[in-house]
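What follows is the residue order along each chain.
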Amino acid sequence: MDNILEVYHISKRFGGIHALKDISFSVRKGEVHALVGENGAGKSTFIKILTGAHEPSSGTIKFDGKEYKALMPAQALDIGIAAIYQEFNLIPFLTVSENIYFGCEPAKRGLLDYKQMDANTKRMFEEIGMDINPRMRVQNMGVARQQLVEIVKAISKNAKLVIMDEPSAPLTEQETKTLHTIVRQMKAKGITVLYISHRMEEIFEVCDRVSVFRDGEYISTSQVSETSREALIADMVGRKMGEKFPERGGIGQETVLEVRELSNRRIHDISLSLRKGEILGIGGLVGAGRTELLRAIYGADKISEGEILLKGKVVKILSPSAALKHNIALLPEDRKQQGVVMGMTIKHNITFSILDRLSRWNIIKKGKENAICNKLVKDLSIKISSLQQPVKNLSGGNQQKVVLAKCLATECEVLFIDEPTRGIDVGAKQEIYKIMRQLADAGTSIIMVSSEMSELIGMSDRILVMREGRIVKELNPEEYSQEVILSYAAL
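As the structure is a prediction and not an experimental result, all values here were calculated from the model.

**Digging into the overall build of the chain**
Point 1. Within the chain, the secondary structure is distributed over 18 helices and 24 strands.
Point 2. Computed over its C-alpha atoms, the radius of gyration of the chain comes to 25 Å, within 12% of the 23 Å expected for a compact globule of 491 residues.
Point 3. By its C-alpha atoms, the chain is 70 × 55 × 45 Å across when sized along the principal axes.
Point 4. Considering the chain as a whole, with its 491 residues, one finds that 52% of them fall into the buried category.

**Comments concerning the side chain of H180**
Point 1. For H180, the position within the fold is in helix α6 (residues 173-188).
Point 2. Ignoring anything within four residues of it in the chain, the contact list for H180 reads Y195, E202, E205 and V206.

**Concerning the pattern of salt bridges**
Point 1. What the rule picks out here adds up to 20 salt bridges.
Point 2. Across the pair E205 and R184 runs a salt bridge, and its minimum N-O distance is 2.7 Å. Separated by 21 residues along the polypeptide, E205 in helix α7 (residues 200-206) and R184 in helix α6 bring together distant segments of the chain.
Point 3. Judged by relative accessible area, R184 falls into the partly exposed class, the value being 37%.
Point 4. Measuring nitrogen to oxygen at the nearest pair gives 3.7 Å for the salt bridge that ties K383 to E431. Placement of the pair is K383 in the loop between α14 (366-379) and α15 (396-409) and E431 in helix α16 (residues 426-441), with a sequence separation of 48 residues.
Point 5. Overlapping salt bridges, with partners in common, bring together K29, D64 and K160 in one network.

**Points about the packing of aromatic side chains**
Point 1. The tally for this structure, following the rule as stated, stands at 5 aromatic pairs.
Point 2. Ring centres of F245 and Y433 lie 4.9 Å apart, and the angle between their planes is 45°; this geometry places the pair in the tilted category. Remark: Y433 occurs in helix α16 and F245 occurs in the loop between α8 (229-236) and β13 (255-263); sequence separation between them is 188 residues. Residues F245 and Y433 agree in their burial class; the two are buried.
Point 3. Aromatic ring contacts, followed pair by pair, group F25, F46, F213 and Y218 into a single cluster.

**Here we look at the nonpolar core**
Point 1. Within the largest apolar cluster, 91 residues are counted, with the highest numbers of intra-cluster contacts made by F125, M164, Y195, I350 and L415.
Point 2. Looking at this core element by element, the count peaks at 7 residues for α15.
Point 3. Setting aside its immediate chain neighbours within four residues, I350 contacts C373, L376, V377, V402, A405, K406 and A409.

**So, the packing of α8 against helix α18 (residues 482-489)**
Point 1. With their axes 10 Å apart at the nearest point, α8 and α18 run at an angle of 125° to one another. Compared by their axis directions, α8 and α18 come out oblique. Seen along the crossing, α8 lies across α18 with a hand that is right-handed. Seen from α8, the contacting residues are R229, I233 and M236; seen from α18, they are E483, L486 and S487.
Point 2. Taken together, the residues of the contact of α8 with α18 break down into 3 nonpolar, 1 polar and 2 charged.

**Let's talk about the side chain of T351**
Point 1. Looking at the element boundaries, T351 is found in the loop between α12 (346-350) and α13 (355-358).
Point 2. Looking at T351, its side chain comes within polar contact range of the side chain of E369, at 2.9 Å.
Point 3. Discounting chain neighbours no more than four positions away, the residues touching T351 are L358, E369 and C373.

**Side note on the pairing of β13**
Point 1. As paired elements, β13 and strand β14 (residues 270-275) share 5 bridges and run antiparallel to each other. Looking at β14, one finds that L262 is bridged to I270.
Point 2. In this antiparallel pair of consecutive strands, β13 and β14, the connection spans 6 residues, and D269 shows a positive phi of 55°.
Point 3. By the bridge criterion, 5 bridges tie β13 to strand β16 (residues 305-310) in an arrangement that is antiparallel. Among the inter-strand pairings, S263 is bridged to a residue of β16, identified as E305.

Calculation rules
Throughout, a residue's number is its position along its own chain's written sequence, starting from 1. Selection of residues for local features in this predicted model requires a pLDDT of at least 70, selection of side-chain atom pairs for listing and counting requires 80 or more, and totals for whole chains, interfaces and linings are taken over all residues. Based on all heavy atoms of the structure, the side-chain values leave hydrogens and waters out of the count. Strands are runs of DSSP state E lasting at least 2 residues, helices are runs of H or I lasting at least 4, and numbering of each runs from the N terminus. Between the two quantities, the radius of gyration covers C-alpha atoms and the globule rule is 2.2 Å times the number of residues to the power 0.38. Only protein chains enter the accessibility calculation, which uses a 1.4 Å probe; a residue is then buried when its area is under 20% of its type maximum, exposed when over 50%, and partly exposed in between. By definition, residues are in contact when any of their heavy atoms lie within 4.5 Å. Every case where a carboxyl oxygen of Asp or Glu lies within 4 Å of a side-chain nitrogen of Lys or Arg is listed as a salt bridge. Side-chain rings of Phe, Tyr and Trp, where Trp is taken by its six-membered ring, are said to pair if the distance between their centres is within 6.5 Å; with planes under 30 degrees apart they count as stacked, over 60 as edge-to-face, and otherwise as tilted. We call a set of buried residues a nonpolar core when its members are Ala, Val, Leu, Ile, Met, Phe, Trp, Tyr or Cys and they connect through side-chain atoms within 4.5 Å of each other. Orientation is described by axes fitted as lines to C-alpha atoms, over the contacting stretch for helices, and by angles from 0 to 180 degrees between their N-to-C directions. Here the word oblique covers every angle except those under 35 degrees (roughly parallel), over 145 (roughly antiparallel) and from 65 to 115 (roughly perpendicular). Crossings are classed by handedness, with left-handed meaning an anticlockwise turn of the near helix from the far one by less than a right angle and right-handed meaning a clockwise turn. Note that Gly is not counted as nonpolar here; it falls among the polar residues with everything else outside the nonpolar set of Ala, Val, Leu, Ile, Met, Phe, Trp, Tyr, Cys and Pro and the charged set of Asp, Glu, Lys and Arg. Under the rule applied, a polar contact is a pair of N or O atoms within 3.5 Å (in protein, one hydrogen donor and one hydrogen acceptor; residues adjacent in sequence only if both atoms are side-chain atoms). Strand pairing is assigned whenever DSSP detects at least two bridges linking the two strands.

Here's what the structure looks like:
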């Protein structure tokens with residue numbers, strides 16, 4: 001069978017970080033080819049190279065018989081490569097047909113031909129067995145239907161290769177079955193699909209072949225019919241852990257935080273406890289509800305049922321400010337959007353959440369503010385030129401430490417950390433791990449969400465595994481293994 005895509009020795013560096021290392025593999029015409037790997041394996045970087053968002057540092061792309069050293073976004077679309085990302089690339093206030101034809105609208109006598117756009121859109125949806133009003137605004141549609149718009153948009157561009165990045169993550173079981181039907185229809189029409197998913201059952205349900213990336217490297221390609229779930233997991237998690245995590249300390253007997261039967265739209269019947277000085281790890285795949293659990297306890301998302309107890313007393317936490325008053329702090333997953341104000345100084349970022357404690361008659365006590373900031377900068381080894389330096393000029397690791405400093409400035413007793421080392425280099429990771437363990441040893445209770453399996457295992461005193469908004473397993477250290485965690489997360 002002919003190949004639609006071949007890549008030879010593709011590498012990509014971001015400064016000192018080697019995101020892709022000498023990737024070579026191929027995708028056949030008309031197949032559904034799965035691409036799997038843990039978070040951080042290099043899948044997203046590879047997609048962005050294929051779609052022209054990133055230029056490879058070295059290597060060659062061969063698509064439909066022609067070779068390219070790099071692609072531009074418009075060029076990738078022109079030659080037939082389209083991508084459907086986890087975060088949809090739709091314009092909410094435009095209609096379905098306006099989104100599909102955006103940038104290439106048909107015209108009649110100098111005016112946009114809405115009649116043709118609507119008729120063509122309706123026909124394309126009917127071809128995949130869907131009846132959608134082409135005049136409906138995208139913002140009024142559910143997630144599953146928005147995804148169908150993305151698929152039809154890709155097909156309308158005469159795509160030869162459609163890349164789907166975690167397409168089922170936001171979907172229900174029935175919506176996922178519909179998605180699989182559409183994928184098979186695309187295959188029947190000769191369209192190649194590169195299907196990225198953490199859900200093992202999907203790989204065996206809808207894909208022909210599967211390739212594994214690990215730590216930025218290509219590991220293997222197998223016929224789905226000739227491999228097993230266990231073999232794929234072994235390839236995905238085959239790296240050595242190394243001696244990079246601090247030793248576990250002692251944990252107090254006091255239960256600091258307890259959650260009973262907590263539920264909302266994204267999490268269901270969650271019960272857990274957190275002891276003094278414990279690092280409780282939360283594992284699971286993309287869309288499992290890990291971040292949503294932290295946000296619900298922290299008051300950032302509403303809860304519909306359940307209760308939260310601090311040191312045995314029921315508390316109402318209806319907002320992040322209420323959480324802070326109860327000595328709970330959150331280090332969010334997206335530090336740039338939610339953790340810091342990039343244009344503000346280091347000092348102002350650190351003290352942002354405690355201005356009421358630093359001021360009298362609405363005048364900030366500069367001496368006290370400087371003393372707190374200088375101590376935290378020293379304790380966390382944040383590399384800065386001065387407290388007046390904008391956070392945007394710091395490295396990723398130092399930005400993460402500033403967010404951590406902001407949390408510690410609140411003198412929190414309970415600390416939620418969502419993806420503690422995402423996007424930072426190895427040296428900074430070691431420092432973050434050391435700081436987390438020191439905090440725990442000093443009595444701070446930590447809940448840590450992490451998609452990095454070795455980090456989850458190396459740092460957690462206990463691990464709760466989540467799947468589809470529920471806790472499905474609790475693991476103690478003697479039970480830890482990457483295979484066991486993935487087995488429960490991907491059932």
